[in-house]
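# What the coordinates show
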Amino acid sequence: MAQSITRRKLGKIAAALAAAESAGAGMAATQDGGVRGYYRFPNSFLWGCATAAYQIEGAAAQDGRKPSVWDAWSHMPGKTANGDTGDIACDHYHLYKQDIQLLKSLGVKAYRFSVAWPRVVPEGSGPANERGLAFYDRLVDELLSNGIQPFATLYHWDLPQALEDRHGGWASSETSKAFSEYAGLVAGRLSDRVGHFFTVNEFLCFTDQGYGSGIKAPGRKLPDGAVNQVRHHAVLGHGLAVQAIRAAAKAGTKVGLAENARICVPVIESAPHVGAASKAMRALNAPFLTAILEGKYPDAYLLAAGRNAPRFTADEMRAIASPLDFVGLNIYTPTYIRAADSPAGFVELPQPASYPRMASEWLTIAPEIAYWAPRHLGEIWGVKDVYITENGSSSTDRLTADGKVYDTDRLMYLRNHLVNAHRATAEGWPLRGYFLWSLMDNFEWADGYTKRFGIYYVDFKTQKRTPKLTAEYYREAIKRNCAV
Ligand code: PNW
């Protein structure tokens, strides 16, 4: 008897608690069996996935495509892990319809892909290749008929080899001009259906790493002054492309870029360190993002470069500063900053050897970057629309006997970045969407196929795609619009 009264009382208390909670602001119960959606994103938040042409398409010599610097470089002995190349990759050129069904099954609203310049203008400049353009027509039409918004990147490192041979690639401003012509051509063709274009993806990876350290294609090792000029030609190419896209595209087309800026994280969230992180953000991104958003290379950058500083004209700087509709940031790793009593006002902290990282050696983890990236853009430069255009992680994925991949480490990485992205939206910073890198395992540049970033596992022998645990997680997050 006493026991049943207690139970009834307990029941009443539980019911009252549940009612109070579901009435509470921001804590509304979902239809999902009472699972709460605390980290809920704005309704307009754009969920997406990202890929890049050379990493997934394959069909390297088909329908008039000519080699890019990555074809040439990956075919040189010893440049990529196991000598891997993008000749076949995920064979997405042929399998794009089934890959779009993967996107659809995740429930993404948007897909960021890149257009292969050597497919569309095989010689880099000059005549367009109709069969190359037709592939992107098919891709875009298939996305739209599945209710997915296409976001197109115009340059994800696959420079036509012909431009490298003719002009020395980005070492010449001829390449900047050729890029803008190609960008205008693609925008003219696709902007009736593609509403968002990114000019370039990640300056550092095709400037410093392509022409300085030479660890990426075209693998040249130029002196510092020449590398600074390469950087300048790259931001100039971006600016000229913005103008060419605006001239050629349908009215209302949105233009931006996808940059892997250094994301400066204040080591402690107190006023001095936050202020220092802001200064560091401008200073450490001087040659690329800061130059583009301010129309000027910061004095400290030019001073430090001395006689190696880039040469430029006022007209070029005006082109570089062409107004953007949005800024995309590819975010992977943090740069920790603390305040300092020095002219710069900050110092960059080195990371201890024990710092946690994912399967790629360089991929140190700090989910706070998903908060600080949009905050810095809004706070420092007044950017109104920010997208996280890439974020994701490599993992030593294994297909288990039950045919599944339990990538709990990637899931941890993703969940914690989404929680921090949510914090940015909750505080009113201008984050509008998130593109996960990547839809499926693919050609990871110099790491070849040894590093897997997909949320679909790809068996590169059979081209079978298998959803990893993280795909299941991402589908749930999108469905509930929430970092679950
Ligand atoms: C990005 N880092 O590259 C690229 O946009 C993708 O094509 C690539 O597959 C993805 O990230 C994963 O690597 C990066 O060293 C390469 O900090 C290196 C770094 C960052 C981004």
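Counting restarts for each chain, with residues numbered from 1 along the sequence as it is written. Residue-level local features of this predicted model are given only where pLDDT is at least 70; pairs of side-chain atoms are given and counted only at 80 or more, and the full residue set underlies all totals for whole chains, interfaces and linings. Only hydrogens and water are removed before side-chain values are computed, so all heavy atoms of the structure are retained for them.

Moving on to the overall build of the chain. Each helix is a run of DSSP H or I of at least 4 residues and each strand a run of E of at least 2, with the numbering of both proceeding from the N terminus. Helix and strand content of the chain: 18 helices and 13 strands. The dimensions of the chain, computed from C-alpha atoms along their principal axes, are 95 × 60 × 50 Å. The cut-offs for exposure are 20% and 50% of the maximum accessible area for each residue type, with area from a 1.4 Å probe on protein chains only; residues under the lower value are buried, those over the upper are exposed, and the others partly exposed. By the burial criterion, 56% of the 484 residues in the chain qualify as buried. When checking whether two residues touch, look at their non-hydrogen atoms; a contact exists if any pair is within 4.5 Å. Considering only residue pairs separated by 6 or more positions, the chain has 76% of its internal contacts joining residues 24 or more positions apart. Carbon and sulfur atoms make up 55% of the accessible area of the chain, which amounts to about 19,500 Å² in all. Asp and Glu count as negative and Lys and Arg as positive, but His and the ends of the chain are not part of the count. Note that the charge is assigned to NZ on lysines, CZ on arginines, CG on aspartates and CD on glutamates. Computing the positive centroid from 53 side-chain charges and the negative centroid from 48, the chain places the two 6 Å apart. Only the protein chains shown count as cover for residues, and all accessible areas are computed by the Shrake-Rupley method using a 1.4 Å probe.

Whenever Lys or Arg places a side-chain nitrogen within 4 Å of a carboxyl oxygen from Asp or Glu, that contact is recorded as a salt bridge. Per the stated rule, a full pass over the model turns up 30 salt bridges. Arg465 serves as the salt-bridge partner of Asp99, at 2.9 Å between the closest nitrogen and oxygen. Residue Asp99 is located in helix H4 (residues 92-106), and its partner Arg465 is located in strand E13 (residues 464-467); the two are separated by 366 residues in the primary sequence. Note on accessibility: Asp99 and Arg465 belong to one class, buried. A salt bridge links Arg423 to Glu427; the shortest N-O distance between them is 2.9 Å. Through salt bridges that share partners, Glu130, Asp137, Asp141, Arg189, Asp192 and Arg193 make up one connected network.

Moving on to the site of the ligand. When at least one non-hydrogen atom of a residue lies within 4 Å of a molecule or strand, that residue is treated as near it. The ligand sits among 13 residues. The nearest are Gln55, His156, Glu390, Glu444 and Trp445. In protein, a polar contact requires one atom able to donate a hydrogen and another able to accept it; more generally it is a pair of N or O atoms within 3.5 Å, and residues adjacent in sequence count only if both atoms are side-chain atoms. With respect to the ligand, the side chain of Asn201 contributes an N or O atom lying 3.0 Å from an oxygen atom. Between an oxygen atom of the ligand and a side-chain N or O atom of Tyr332, the distance comes to 3.1 Å. If you map the ligand onto the pockets, it falls in the largest pocket. Definitions used for this entry: grid spacing 1 Å over protein atoms alone; cavity, a set of points where a 1.4 Å probe fits but cannot get out; pocket, an open set with protein on both sides within 12 Å along at least 5 of 7 lines; lining residue, one with an atom within 4 Å of a point. Being in a pocket or cavity means that more than half of the molecule's atoms lie within 2 Å of its grid points.

Grid points are joined across faces, edges and corners, and a volume is the space filled by probe spheres set on the points. Approximately 940 Å³ is the volume attributed to the largest pocket. Around the largest pocket sit 40 residues that line it, and Leu204, Cys205, Gln209, Asn260 and Trp362 are the ones nearest its centre. Broken down by secondary-structure element, the contributors of at least two residues to the lining of the largest pocket are helix H9 (203-206), helix H13 (286-294) and strand E8 (334-339). Here the lining of the largest pocket takes three residues from E8, the largest share from any one element. Polarity classes work like this: nonpolar for Ala, Val, Leu, Ile, Met, Phe, Trp, Tyr, Cys and Pro, charged for Asp, Glu, Lys and Arg, and polar for all others, with Gly in that last group. Of the residues that constitute the lining of the largest pocket, the class distribution is 20 nonpolar, eleven polar and nine charged.

The subject of this paragraph is the packing of helix H17 (residues 408-426) against helix H18 (residues 469-480). Direction vectors running N to C along H17 and H18 enclose 25°, while the axes themselves pass 8 Å from each other. In terms of axis orientation, H17 runs roughly parallel to H18. In this structure, the crossing between H17 and H18 has a hand that is right-handed. Side by side, H17 and H18 meet where Thr408, Arg410, Leu411, Leu414, Arg415 and Leu418 of the first sit next to Leu469, Thr470, Tyr473, Tyr474 and Ala477 of the second. Its residues assigned to classes, the contact of H17 with H18 comprises seven nonpolar, two polar and two charged. Here, axes are lines fitted to C-alpha atoms. For helices the fit covers the stretch in contact, and angles between N-to-C directions go from 0 to 180 degrees. Every angle not falling under 35 degrees, over 145, or within 65 to 115 is termed oblique; those three ranges are roughly parallel, roughly antiparallel and roughly perpendicular. Crossings are classed by handedness, with left-handed meaning an anticlockwise turn of the near helix from the far one by less than a right angle and right-handed meaning a clockwise turn.

Let's shift gears to the confidence of the model for the chain. Per-residue confidence from the predictor is reported as pLDDT, a score between 0 and 100. Overall, the predicted model of the chain reaches an average pLDDT of 94, with 93% of residues at or above 70. Segment residues 1-5 is flagged for pLDDT under 50; beyond a separation of four residues in sequence, or across chains, it makes zero contacts in the model. Across residues 16-30, where pLDDT falls below 50, the model places 16 contacts with residues more than four positions away in sequence or in other chains.

A few words on the sheet that holds strand E10 (residues 386-390). Strands are treated as partners if at least two bridges between them are detected by DSSP. Ordered in space as E1-E2-E3-E4-E5-E7-E10-E11, the eight strands form a closed barrel in which the pairing is parallel. With direction set aside, neighbouring strand axes in the sheet form an average angle of 25°. Examined bridge by bridge, strand E1 (residues 46-50) and strand E11 (residues 431-437) share five bridges and lie parallel to one another. Note that in E11 the partner of Gly48 across the bridge is Phe435.

Running from N to C, helix H8 (residues 173-190) and helix H11 (residues 224-248) point in directions that differ by 30°, and their axes come no closer than 8 Å. As far as their axial angle goes, H11 and H8 are roughly parallel. Considering how the two elements wind past one another, H8 and H11 form a crossing that is right-handed. Seen from H8, the contacting residues are Ser173, Ser176, Lys177, Phe179, Ser180, Ala183, Gly184, Ala187 and Gly188; seen from H11, they are His233, Leu236, Gly237, His238, Leu240, Ala241, Ala244, Ile245 and Ala248. Among the residues making up the contact of H8 with H11, the classes are represented as nine nonpolar, eight polar and one charged.

With that settled, consider unusual backbone geometry. Trans peptide bonds make up most of the peptide bonds, and negative phi angles are found at most residues other than glycine. Here the amide bond leading from Ala217 into Pro218 is cis, since omega sits at 5°, within 30 degrees of zero. Tracing the backbone shows Pro218 in the loop between helix H10 (208-212) and H11. Here the residue pair Trp437 and Ser438 is connected by a cis peptide bond, since its omega of 10° sits within 30 degrees of zero. The topology assignment puts Ser438 in the loop between E11 and strand E12 (456-459). A positive phi angle, near 45°, is found at Ala59, a position not held by glycine. The residue Ala59 is located in the loop between helix H2 (53-56) and helix H3 (69-74) in this model. Relative accessible area serves as the criterion here: at 11%, Ala59 is assigned to the buried category. Of note, the phi angle at Asp63 is positive, near 50°, even though the residue is not glycine. With respect to the element layout, Asp63 can be found in the loop between H2 and H3.

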